[in-house]
Amino acid sequence: MVDRVQNFYLQAYLSYRGLFHWLTPFPYFSNIVLAPFLTLFNFILIGRFASIGDVDRFGIGMVVYAIVWIYVGGVTQSFSNDRSGGTLHLLFGSPASRASAYFARGVGHFYNGPLTAVSTTLLAVLLIDLSVGDLNYLTYAVAVVVISIGILMISLLLGNFAALYQDWFLFSSIGYGGLLGLTGLIIPVDRLPTALEVIANGLPITHGLKALRGAFAGDSVASVAPDLLLELAVAGAYALVGLAVFTLIDRAARQRGILAGGEE
């Protein structure tokens, strides 16, 4: 059991180190801190100058969007690099556990989510007066971790398609746009058309964001537990679907000889 855990984390480390091209100081800082804050600042200014009112609501939404930014782009890029670098077919030709290989591709990225959420929150408090007077820090921490899990699972699913079609930017853009517009980060879910509201409730963030907003209002973990559990359920569904897609791509690759050296 210990050997399996060690092998899993070694695989996670090597996947992250070898395939994540933002892992040099300036790109890492700009994607973890600078880009999320500039997005936050942009939406705060829109809220204030459009006289929308509750700009703190935008601020909290952008704290979550910082996680989307680093996960979706980083993970889809890594999957695409795995194929273009000619290493994906080596994985599919190996006897390694497909579940282990799939989820290991997300472990190295996981820590970046809470890190960028915290840094964006701190900058928002210091520079744009995001209100944290009632913040329940435990609820905040739990909500950020749970939301991060959900976003990471949909990022891994999108990564499958980025590897298959060798275009990480297309699928990262789908993730950025869909999660920004449909999960309540900017537009309240209950104001969306009915069909879109149904889709929103099946996406990561939607339920976890309610818990995070509750944290800023001083709610305890117990009081937001239903939303956290729903968020985890959605994350679990995306984990299963993503692994199934990864397995199907694996079978097709071995049967048809695709994904070798980045070419079909």
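Residues numbered from 1 in each chain as written. Predicted model: local features only at pLDDT ≥ 70, side-chain atom pairs only at ≥ 80, totals over all residues. Heavy atoms only, no water.

Draft legend 1. Representation of the layout of surface pockets in the model. Taken as a whole, the largest pocket holds about 190 Å³ of empty space. Together, Arg57, Thr183, Gly184, Pro188, Val189, Asp190, Glu197, Asn201, Thr206, Leu209, Lys210 and Arg213 line the largest pocket. With four residues, helix H10 (residues 206-216) is the largest single contributor of residues to the lining of the largest pocket. By residue class, the composition of the lining of the largest pocket is three nonpolar, four polar and five charged. (1 Å grid on protein atoms, 1.4 Å probe; cavity = no way out; pocket = protein on both sides within 12 Å on 5 of 7 lines; lining within 4 Å. Points joined across faces, edges and corners; volume = space filled by probe spheres on them. Helix = DSSP H or I, 4+ residues; strand = E, 2+ residues; numbered from the N terminus. Nonpolar A, V, L, I, M, F, W, Y, C, P; charged D, E, K, R; others polar.)

Draft legend 2. Spatial organisation of helix H5 (residues 98-110). With 13 residues, H5 ought to run about 18 Å at 1.5 Å a step, and its terminal C-alpha atoms sit 19 Å apart, in line with that. Of all the bends in H5, the greatest measures close to 25 degrees and is centred on alanine 104. Where H5 is concerned, the buried positions are Arg98, Ala101, Tyr102, Ala104, Arg105, Gly106, Val107, Gly108 and His109. (Expected span 1.5 Å × (residues − 1). Bend = angle between axes of the 7 residues up to and from the residue. Buried < 20%, exposed > 50% of the residue type's maximum accessible area, 1.4 Å probe, protein only.)

Draft legend 3. Seen up close, the environment of isoleucine 249. Here isoleucine 249 shows up in helix H11 (residues 221-256). A sequence separation of 85 residues divides isoleucine 249 from leucine 164, and the C-alpha atoms of the two residues are 7.6 Å apart.

Draft legend 4. Here's a closer look at the side chain of threonine 76. You can see threonine 76 is positioned in helix H3 (residues 55-84). For threonine 76, a relative accessible area of 0% corresponds to the buried category. One polar contact links the side chain of threonine 76 to the main-chain carbonyl oxygen of glycine 73, over a distance of 3.3 Å. (Polar contact = N/O pair within 3.5 Å; in protein donor to acceptor, adjacent residues only side chain to side chain.)

Draft legend 5. The pattern of salt bridges, seen in detail. With the rule as written, the count across this model stands at one salt bridge. Arginine 98 is the salt-bridge partner of aspartate 250, the closest N and O atoms lying 2.6 Å from each other. Here aspartate 250 is found in helix H11, whereas its partner arginine 98 is found in helix H5, with 152 residues between them in sequence. Overall, the relative accessible area of 2% leaves aspartate 250 in the buried class. (Salt bridge = Lys/Arg side-chain N within 4 Å of Asp/Glu carboxyl O.)

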